[in-house]
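Breakdown of the fold
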Amino acid sequence: MVCTQEVLIVDDNPADLNLAQEALARCKRQNKISSVTDGEQAVAFLFRRGAYINQLRPNLVILDLNLPKKDGRAVLEELKSDPDLRKIPVVIFSTSQASSDIVRSYQLGANCYVSKPVDLKAYFAALQSIEEFWFGLARLPQGEGE
Amino acid sequence: MSIGPTKTETAPVAKIHVLQVEDNPLDSELVQRELRRAGFDFTATVVQTRADFIREVEEHCPQIVLADYNLPQWRGMEALAVLEHENVDVPLILVTGALGEVTAVECLKKGATDYVLKGALARLPVAVHRALRERTLRLQRKMAEHELAQKVEELARSNKELEQFAYVASHDLQEPLRMVASYTQLLGERYKGKLDETADKYIDYAVEGAKRMQTLIQDLLAFSRAGRNRPAQSDVDCNVVMKDVLQNLASSIDESGAVIACDDLPVVAADRMQLTQLLQNLIGNAIKFRKDNTPLISVKVERLKVESARIEPIKIAPIKTELAKNESAKTEATKVEGARIEATKLEPAKLEATKPDTAKPEVVKTLPANGFWQFSVSDEGIGIAPEHLESIFSVFHRLNTRAEYPGNGIGLAISKKIVEQYGGTIWVESSPGQGSTFKFTLPAAIGQAKGASA
Amino acid sequence: MSTTVDMLLVEDSQEDIDLALHALRREKLANSIFVVRDGEEALNFLFCRGTFAHRSFNGPPKLVLLDLKLPKIDGLQVLKELKSDPRTKTIPVVIMTSSKEERDVIEGYDSGANSFIQKPVDFDQFRETVKSLGMYWLVVNQAPVTDRRIEARGAAQ
């Protein structure tokens, strides 16, 4: 059915990016993982601009909210306003547990919202749950990787 | 600034300026003589006309006005109108010939402080004394109120800043802390057993330290969040909250075999998340601080009416707003002591909820029209010694070592903050080895019929 | 009467309803699940009208599990109406359907579905699927807490 899926992780903290990659590496499925560290890069990646002109579109985006250059909320909004890109599920993965952030994210079209746990094990478990659900259980719109 | 009633009725006050409104020089001289005899240190000016009166009031600020009732061109009572117009707090005593009782009462009602008959001038000093003393008290109280308002504003601002600081600090600290904690753990996993024993030990210490910092910061955050924003208040069904709490505590309940018996709980006016936190803290503690047996925890509730005997008023005589008439009013006027503020106006349903075993009065509040519910969470655990019953509600206060019972000692401080935010109180009744009962009050939801629960 | 509902199940097949409820209740994933059997009821429930006029927009379900093939009003229409109204657009809606059409998948996500799941034919797999998605959407996921006052404050921030 589907071969390797691709995830784009957007997080400005390289330590967290590393953790995410570590977590996903421990999953059964070996997905392709791309990462960017600011909002502008994220938009360029997804809209295939500049250096990313030949970039394949990811099947899933894991997006932090507080990003330099362009804020995660702005990235989300742009992404979900585009007729092609809005099909891609976006998981907000953020330290913020503020109600306002959660509600706002859903209003902007986020598919779901997961708080970054403080505990390492829980952090890994959260990322693995995300991978398990979106790549193991849910059906995603057929991307370009196939 | 110390305020207190003057010691005796006739002790002379500081030099005062008396303004007399009198057209008969003999009468004005008699009045002055009476005042001198009583030991008053004063200067007096006598005026007859309205214009002179106004000028004297504007230019020489008298402390008291002694006015005749009937004057050739105007009436003594008109002087009152002038004083009001000039917006000065100067008592006016009518010193007059025969005055019918009805007229006298009317004058008092219109604002005259007192009246003294010219045929009974012996009464004058006492009347002047009282009028002046009351005026002093009035002025002092006004100043105190103003200072109070300023202090309150300052405190509120400072409080807000501190809370925001605490919130920002703990919030911003979380991320780097998470990095330290996660990576020391990963290091540990990766290299455990591959380096030497010392390295393993060091890694364990580092991880433990980092994890403790994390819980500490989370607790701090929770504590500062508890007072940070006005929470969305709505009618919350406590039974639903209990369900969530029990679910959240599922693993410790399973582990300890705890049995929790719960009354049918009411609907209260509070924020659902805070209520969950509150109940979870208390029940979590009840489970945590258990003895060796199966913890038996019971949650009860009872309705407190506005006049309930459970709420004890503090033993301070009420302050009346009209100081004039009654001499026996032992006015413990307003005190401004740091953050403890006692209201000055006596409103109808003003009572004070005090902890049964403390003498410290809390901030006085008016009760909500619907009254309170009083909740109690009882356990049969290790209990608390009497000397600690109050201090356990302080932040970071722990009575046991970390090895004996985990936790930072902030749960009860948070609970207290939550309860007090709604105008309730929280306290504990306990004896060592006999278990504890934590009680707290919360306002009943609006529109709830007495005793009925949703 | 407590009207907080954790999950709204929109499904017309009794068999599927039974399986789903069984899976969810067993794992104690949801405190309360409400079942409606057609698109019209689903909309009435979520828009607090008709027989559900007593419901409030504050405190919507954390998850709507929505079948596509429904009587009266079909799932896609329900989805579109939900996602186009600010009062309901933040409610997580997961489509769970037996349809294998890629077209449905695309249209679903395009219309704002939070996710799309294909109903397994096998009973056991069905239960497992419901259990897993319940786990993800009710425990891992943070559903928005819809409260007009919080939203107003959030907008002001």
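What counts and what doesn't
Residues numbered from 1 in each chain as written. Chains lettered and ligands numbered in written order. Predicted model: local features only at pLDDT ≥ 70, side-chain atom pairs only at ≥ 80, totals over all residues. Helix = DSSP H or I, 4+ residues; strand = E, 2+ residues; numbered from the N terminus. Buried ≥ 20, exposed ≤ 12 C-beta atoms within 10 Å, placed from the backbone. Contact = placed C-beta atoms within 7 Å. Axes fitted to C-alpha atoms, helices over the stretch in contact; angles between N-to-C directions. Left-handed = near helix turned anticlockwise from the far one by under 90°. Nonpolar A, V, L, I, M, F, W, Y, C, P; charged D, E, K, R; others polar. Pairing = 2+ DSSP bridges. Right-handed = clockwise from strand over helix to strand, strands pointing away. pLDDT = per-residue confidence, 0-100. Expected span 1.5 Å × (residues − 1). Parallel < 35°, antiparallel > 145°, perpendicular 65-115°, else oblique. Core = buried A, V, L, I, M, F, W, Y, C linked by C-beta atoms within 7 Å.

**Examining the overall build of chain C**
- The number of helices and strands found in chain C is six helices and five strands.
- Each helix and strand of chain C, placed in order from N terminus to C terminus, yields the pattern β-α-β-α-β-α-β-α-β-α-α.
- With 157 residues in all, chain C has 42% of them scored as buried.
- The contacts in chain C between residues at least 6 apart in sequence include a share of 69% that link residues at least 24 apart.

**Considering the overall build of chain B**
- Within chain B one finds 10 helices and 16 strands.
- Contacts spanning at least 24 positions in sequence make up 73% of the contacts within chain B whose residues lie at least 6 apart.

**Quick word on the packing of helix 2 (residues 50–60) of chain B against helix 3 (residues 76–86) of chain B**
Residue and element names in this part refer to chain B.
- Helix 3 packs onto helix 2 with a crossing angle of 35 degrees between their chain directions and a minimal axis gap of 11 Å. Note that helix 2 runs across helix 3; the crossing there is right-handed. Here R50, F53, I54, V57 and E58 of helix 2 lie close against helix 3, whose contacting residues are E78, A79, V82, L83 and E86.
- Residues that form the contact of helix 2 with helix 3 fall into these classes: six nonpolar, no polar and four charged.

**Structural notes on helix 4 (residues 101–110) of chain B**
- Burial runs low along helix 4 of chain B: only one of the 10 residues are buried.
- Immediately downstream of helix 4 of chain B, the backbone of G111 of chain B shows phi near 130 degrees, a positive value.

**Observations concerning the pairing of strand 4 (residues 90–94) of chain A**
Residues and elements named next belong to chain A.
- Of all five residues that make up strand 4, five are buried, and the element is covered over most of its length.
- Here strand 4 shows two buried faces, one formed by V90, I92 and S94 and the other by V91 and F93.
- Note that strand 3 (residues 60–63) and strand 4 share three bridges and pair parallel. Within strand 4, the residue paired with L63 across the bridge is I92.
- Between the parallel pair strand 3 and strand 4, the chain is carried across by helix 3 (residues 72–81), and the sense of this crossover is right-handed.
- Of the pairings in the sheet, the one linking strand 4 to strand 5 (residues 112–115) comprises four bridges and is parallel in character. Looking at the pairing, V91 lines up with C112 of strand 5.
- Handedness of the β-α-β unit built from strand 4, helix 4 (residues 99–107) and strand 5 comes out right-handed.

**Focus: the confidence of the model for chain B**
Residues and elements named next belong to chain B.
- Predicted confidence across chain B gives a mean pLDDT of 78, with 78% of residues reaching 70 or more.
- Element-level pLDDT for chain B is lowest in strand 10 (residues 336–337), with a mean of 34, against a maximum mean of 93 in strand 3 (residues 64–67).
- Considering only residues more than four positions removed or in separate chains, one finds that residues 449–454, a stretch of pLDDT under 50, has eight contacts.

**Focus on helix 9 (residues 272–288) of chain B**
All names here are of chain B.
- With 17 residues, helix 9 extends 24 Å between its outermost C-alpha atoms, agreeing within 8% with the 24 Å of an ideal straight helix rising 1.5 Å per residue.
- Taking burial as the measure, the 17 residues of helix 9 include 12 buried ones, the bulk of the element.
- For helix 9, the complete set of buried residues consists of R272, Q274, L275, Q277, L278, L279, N281, L282, I283, N285, A286 and I287.

**Description of the sheet that holds strand 2 (residues 33–36) of chain C**
Residue and element names in this part refer to chain C.
- What the five strands build is an open sheet, ordered 2-1-3-4-5; its pairing is parallel. Strand pairing shows two members of the sheet lacking a second neighbour, strand 2 and strand 5 (115–118), which therefore form its edges. If you compare each strand with its neighbour and ignore which way they point, the axes differ by 20 degrees on average.
- Direction of pairing for strand 4 (residues 93–97) relative to strand 5: parallel, over a ladder of four bridges. Bridge pairing in strand 5 places T97 opposite Q118.

**A short note on the interface of chain C and chain A**
- Facing 28 residues of chain C, the contacting portion of chain A comprises 24 residues.
- Listed by contribution, the elements that provide at least two residues to the side of chain C that touches chain A are helix 4 (102–110), strand 5, helix 5 (123–140) and helix 6 (148–156) of chain C.

**Brief notes about the sheet that holds strand 7 (residues 259–262) of chain B**
All names here are of chain B.
- Spatial ordering of the open sheet is given by 7-9-14-16-15, a layout of five strands whose pairing is mixed. The sheet terminates laterally at strand 7 and strand 15 (426–430), the two strands that pair on one side only. Between one strand axis and the next, the sheet turns through 20 degrees on average, direction left out of account.
- By the bridge criterion, four bridges tie strand 7 to strand 9 (residues 296–304) in an arrangement that is parallel.

**Some thoughts on the packing of helix 5 (residues 120–137) of chain A against helix 5 of chain C**
- Running from N to C, helix 5 of chain A and helix 5 of chain C cross one another at 135 degrees; their axes reach a closest spacing of 11 Å. The angle between the axes of helix 5 of chain A and helix 5 of chain C places the two elements in the oblique class. Where helix 5 of chain A crosses over helix 5 of chain C, the two elements pack in a sense that is left-handed. Here A126, S129, F133 and L137 of chain A of helix 5 of chain A come into contact with helix 5 of chain C, specifically with T129, S132, L133, Y136 and V140 of chain C.
- Split into classes, the residues belonging to the contact of helix 5 of chain A with helix 5 of chain C amount to six nonpolar, three polar and no charged.

**A word on the environment of S431 of chain B**
- Assignment of secondary structure puts S431 of chain B in the loop between strand 15 and strand 16 (436–443).
- Expressed as a C-alpha distance, the spacing of S431 of chain B and P386 of chain B, which sit 45 residues apart in the sequence, is 6.8 Å.

**Brief notes about unusual backbone geometry**
- Residue C61 of chain B is not a glycine yet carries a positive backbone phi of 35 degrees.
- With respect to the helices, strands and loops of the structure, C61 of chain B is situated in the loop between helix 2 and strand 3.
- Here K72 of chain C, not a glycine, exhibits a phi torsion of approximately 70 degrees, which is positive.
- Checked against the element boundaries, K72 of chain C lands in the loop between strand 3 (63–66) and helix 3 (75–84).

**Considering the nonpolar core**
- With 86 residues, the main nonpolar core has V10, I62 and L63 of chain A together with V10 and L66 of chain C as its most contacted residues.
- Take this core: its biggest share by element is nine residues, from helix 5 of chain A.
- Apart from residues no more than four positions distant in its own chain, L63 of chain A is found in contact with V10, G72, V75, L76, V90, V91, I92 and F93 of chain A.
- Grouped together as the second largest cluster of nonpolar side chains are 47 residues, M242, L249, L265 and W373 of chain B included.

**Considering the pairing of strand 2 (residues 32–36) of chain A**
All names here are of chain A.
- Here five bridges tie strand 1 (residues 6–10) to strand 2, and the two strands are oriented parallel to one another. Of the residues in strand 2, the one forming a bridge with E6 is K32.
- Viewed along the sheet, the connection from strand 1 through helix 1 (residues 14–25) into strand 2 turns out right-handed.

**Looking at the environment of A112 of chain B**
Residues and elements named next belong to chain B.
- The topology assignment puts A112 in the loop between helix 4 and strand 5 (114–117).
- Owing to 22 C-beta atoms within 10 Å, A112 belongs among the buried residues under this scheme.
- The sequence separation of A112 and L80 amounts to 32 residues, and the corresponding C-alpha distance is 7.2 Å.
- Contacts of A112, omitting those with residues within four sequence positions, involve L80, L92, L94 and C107.

**So, the environment of R225 of chain B**
- Looking at the secondary structure, you find R225 of chain B in helix 6 (residues 197–228).
- In the structure, R225 of chain B is positioned 58 residues away from Y167 of chain B in sequence and 6.9 Å away in space, judged by C-alpha atoms.

**A few points about the confidence of the model for chain C**
Residues and elements named next belong to chain C.
- In the predicted model, chain C carries a mean pLDDT of 88, and 91% of its residues have values of at least 70.
- Of the regions scoring below 50 in pLDDT, residues 150–157 engages in 11 contacts with residues more than four places distant in sequence or in other chains.
- This prediction of the complex comes with two scores: 0.60 for pTM and 0.90 for ipTM.

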